Every structure is written in structure tokens, then in C-alpha cells.
Amino acid sequence: MWRDADFRSLWAGQTASQLGEHTSLLVLPLFAVLTLDAGAGELGVLRAVGQAPILLLSLLVGAWVDGWRTRTVMAVADAGRALALGAAALAGLLGGLGLPALFVVVLAVGVLSVFFDVAYQSSLVRLVRRDQLVRGNSALEGSRSAAQIGGPALGGALVSWLSAPFAVATGALFFALSFLSIRRIRRGEPVPGHAERPVRTGRRIHEGLRFVVRDTSLRTVCLASAAFQFSFAALMTVYLLFLPRELHLSGTVVGLSLAATGPGALLGALLAARLPGRFGYGVVLVSAAALGDGAFLWVPALHGSSAATVAVLLAVGFVFGAGGQLVNVTVMAVRQAVTPDGMQGRAAATITFVGMGLTPLGSLLGGYLAQEWGLRASLLVTAAGMLLSPVVMALSPLARLGRTLPAHAGPHLPARD
């Protein structure tokens, strides 16, 4: 498969795009905090603006993208993100980038990221044979984990060594490289049909929502995911203020602390292939979520910028990454097992919509708590809030899943024209 030039172009483009995304996720908030002196409330609003497109657009974009070539959607999204970040970097270098303009840039990047992510998840199926999907997904997920390591570390280093505008320009460069790589894909992609009528699209979305709500396991996954994502969004808003302002850490160390989740995620992916079959899917889900989410409870006790503090932050990131990836892979296996083939896409989109939909509110809450309660107390409260996710799973039938995956109860609900 690696001899296939089109797959190499997709892999290279996706890798560059992930590097641009993970670099920007750190650089843009640090630009607001370190260069524009944004307060806790302003940082919360900034993060919420970037996350709002997930809530507002995911389901509609999922239905819309099915009517277009994924290569075109990804290329246009990358070109748009490169232009938005390039303009922000230039304005920053000239001293003309304020918080209002940064809000616009973050919103534009967030909207385009929704389009890219939805198209990317459908692209491999259209590009390779069915018997190559496992290897293809493994290669793409490996590059995503590598980007989780390299993106934050590079962004933090550039902010410290050069300046925030140069770091923003690096994100634009990665998106431009992704655009060029994806444009090199030459294989004729099956031409999708025209977009469905709005009524039918609405019915299909409704069927996906109804299926997830009626299935106990998927309903629990939605609730646990929503609890986690809401609390995690609040925590990260506080965390990005706590590290530079309370612990007085440089951008490089902040980036390394976030990058530590990458190696942890690689370990979690390896463990996910072995632990559920040995201990049971329910035990692994609850234990991994409790261990990974609970790791952040150590952070509020840290003081100063000593080597011991940095070591604890790296350990927290590693444990969180391992537990989080173990949960993600296990949950995906459960979802795929209980969902009929004809409902897979809509079930995944519904869970993403419900789980990620509360992140803008979580970011706003994090900014409010940091402003009213202080950074240390807010960090403790939001870290404790993340433990709601394993509690929800522990009190549900998910916790009783054994060493084998369940099967779906019957045929999927057909789409009605």
C-alpha cells in the first residue's frame, strides 16, 4: 500500500494538517495570553469560539460532505486555514492583531477544521481497497499520535525562542504543505450523488439520534463523553493560564507538558489490543478513565518551576494520554460492535456531536472560574469534574461488559426517502 502514490499523498497531507492543528491549538491561546495579555474570561471566550463550530455544524457538515469529493473538501479547508493563520501572523508581526481579530481567525480555523475532519474520516474508504483499511487507518493514526507529540512541543518552543507571530506562521506553513500534498492525489474518486433534500437529510440525522438514544451502551457513551469533554474544556482553559502565570513556565515547557500525552496515547493504543480481552471491556473502560482523568488532580498541588514540577507535569500528561487513548479505542470497538453497518456513520457523528457539543460552554466556565475563584482552586474543581465520566460508566451496563464484545440487537433502521 505504501507504494501507492495517492495513499502517500493522503498520509503526508494528513500528517502536515495534524501538525498544523496541534501547533495552532497551543500557539493561538498562548498568543492571547503572552502577547495580548488576555484575561481568564477572554481566554475562555476565545477557546469557546474555536469549539463552537463542532456544536453548530458537525451534523450538517457530515450530511453535506457526502455529496462532494473528500479530496476537494480537504484541500479547500487546508487552503483556508493556511490563509487565515498567514494573515494572523502578518498582522501580529506588524502589531495590528488584537483580540477581536484573533476571535475571527479562531472561528474561521474552527469552521474549516470541522469540514476537514469530516472529509478526512471518509477519505480512506474511497481511496484504498477494503482489505487495506486496517493498515491504512493504523498508519494515519500513527501520524496523528506523532503530531500530538510534535505539534505542541514545536509550538511552545517557537513561542519561547522566536515569537508568537512566527509560531502562528508555522501553523500556516503546515496547512499549506497539507494542501499541496492532498492536491497530488490523482486517483479518480467515485463521484457522489447530489446533496440530499433537506427533509431527507433531517430524517437521516433524526434516525441516528434516535438509534443512539435507544441503545443503552451508546447512550451511556454519550453521557460519559459529554461529562468528560465539558470538564476537560474547562480544565484546559485554566491549565493554559496556570502553567505560565502560576508556575512561571516557559512556552517550551508548556508545549512539552502537552506533548507528553502523545507517547502516552501510543502506549494506550497498544494496551487496548490486549487488556479488554484479558480483564473485560467494562473493567478496562472504567479503570482507564478513572486513572487518566484523575491524573490532573496532582497538578493544583504543584508550586514553582523546578525540575520536579516539570517531571510531574510530564508524568500527568503521559498517564492522561495513555488512559484517554485506551478509553477511546475501547469505546470505538464497543460502538462498532453494537451498531449495524448502515448506521455506523450517523452513530459516530451523533456521539461526537453530543460529546463535543458542550466544549464551548466548558471553556466559558473555565474562564469564569479562573477569574472568580483563582487558578489553583479552579484547576482542582475542573479536574475533579472530569471524574464524572468514569462514575457515569461505572453506574451503567458498560461496566459489566465482559471479555467479548456485544452484538447489535437487529437490523438498522432504514433511511426513508
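Please read all numbers here as calculations on a predicted model, not as lab measurements.

Here is what the cut-offs are and how they apply
Residues numbered from 1 in each chain as written. Predicted model: local features only at pLDDT ≥ 70, side-chain atom pairs only at ≥ 80, totals over all residues. Heavy atoms only, no water. Helix = DSSP H or I, 4+ residues; strand = E, 2+ residues; numbered from the N terminus. Buried < 20%, exposed > 50% of the residue type's maximum accessible area, 1.4 Å probe, protein only. Areas by Shrake-Rupley, 256 points an atom, 1.4 Å probe, with all protein chains shown as cover. Expected span 1.5 Å × (residues − 1). Polar contact = N/O pair within 3.5 Å; in protein donor to acceptor, adjacent residues only side chain to side chain. Contact = heavy atoms within 4.5 Å. Phe/Tyr/Trp six-rings, centres within 6.5 Å; stacked < 30°, edge-to-face > 60°. Patch = residues over 30% accessible without salt bridge, like charges linked within 9 Å, V, L, I, M, F, W, Y side chains within 5 Å. Salt bridge = Lys/Arg side-chain N within 4 Å of Asp/Glu carboxyl O. Lys, Arg positive; Asp, Glu negative; His and termini not counted. Charge placed at Lys NZ, Arg CZ, Asp CG, Glu CD.

*Asks:* Just to check I follow, could you spell out the overall build of the chain for this structure?
*Replies:* Along the backbone of the chain there are 17 helices and zero strands. By the burial criterion, 52% of the 417 residues in the chain qualify as buried. With the model as given, the accessible surface of the chain reaches about 18500 Å², and the carbon-plus-sulfur share is 66%.

*Asks:* Honestly, helix α8 (residues 216–246) in this entry has me stumped. Any pointers?
*Replies:* The α-helix advances 3.6 residues per turn, and as a result positions three or four apart in sequence lie on the same side. For α8, which comprises 31 residues, the first-to-last C-alpha distance of 43 Å matches the rise-based estimate of 45 Å (1.5 Å per residue) to within 8%. Extensive coverage of α8 is indicated by the burial of 24 of its 31 residues. A positive backbone phi angle near 60 degrees is found at His248, which sits one or two residues after α8.

*Asks:* Would you take a moment to explain the side chain of Ser257 for this structure?
*Replies:* Within the secondary structure, Ser257 sits in helix α9 (residues 251–259). Residue class for Ser257 comes out buried when judged on its relative accessible area of 2%. Of note is the side chain of Ser257, whose polar atom sits 2.9 Å from the backbone oxygen of Val253. Leave out the neighbours within four places in its chain, and Ser257 touches Tyr239, Leu243, Leu313, Leu314 and Gly317.

*Asks:* Please clarify how the environment of Gln371 should be interpreted in this entry.
*Replies:* Among the structural elements, Gln371 can be located in helix α15 (residues 359–373). In the structure, Gln371 is positioned 330 residues away from Gly41 in sequence and 6.4 Å away in space, judged by C-alpha atoms. Sequence-distant contacts of Gln371, defined by excluding residues within four places in its chain, comprise Ala40 and Gly41.

*Asks:* For this particular structure, what's the right way to read the packing of aromatic side chains?
*Replies:* Aromatic ring pairs are defined here through the distance separating the ring centres and the angle between the ring planes. Considering all chains together, one arrives at five aromatic pairs under this definition. A ring pair is formed by Phe296 and Phe320, whose centres lie 5.1 Å apart and whose planes are at 70 degrees; its orientation type is edge-to-face. Within this pair, whereas Phe296 is found in the loop between α12 (281–294) and α13 (307–338), its partner Phe320 is found in helix α13, the two being separated by 24 residues in sequence. By relative accessible area, Phe296 is classed as buried at 4%. An aromatic cluster of at least three residues, connected via ring pairs, comprises Phe228, Phe232, Tyr239, Phe296 and Phe320.

*Asks:* How do you make sense of a positive patch on the surface when you look at a structure like this?
*Replies:* Together, Arg8, Arg183, Arg184 and Arg186 make up a positively charged patch on the protein surface. By secondary structure assignment, the location of Arg8 is in helix α1 (residues 5–35). Note on Arg8: relative accessible area 38%, which makes it partly exposed.

*Asks:* Just checking my understanding: could you explain the pattern of salt bridges for this structure?
*Replies:* Note that side chains of opposite charge can pair when their charged atoms are close. Scanning all chains against the criterion turns up three salt bridges. Among the salt bridges present, the one from Asp78 reaches Arg81, with a minimum N-O distance of 2.8 Å. Here Asp78 and its partner Arg81 are both found in helix α3 (residues 70–93), three residues apart, which amounts to about one turn of the helix. For Asp78, a relative accessible area of 0% puts it in the buried group.

*Asks:* Explain the side chain of Gln229 to me, please; I cannot follow it from the model alone.
*Replies:* Residue placement: Gln229 occurs in helix α8. Owing to a relative accessible area of 17%, Gln229 belongs among the buried residues under this scheme.

*Asks:* Looking at this model, I keep getting lost on helix α6 (residues 164–183). Mind explaining?
*Replies:* With 20 residues, α6 ought to run about 28 Å at 1.5 Å a step, and its terminal C-alpha atoms sit 29 Å apart, in line with that. Among all positions of α6, only Ala164, Pro165, Ala167, Val168, Thr170, Gly171, Ala172, Phe174, Phe175, Ser178, Ser181 and Ile182 are buried.

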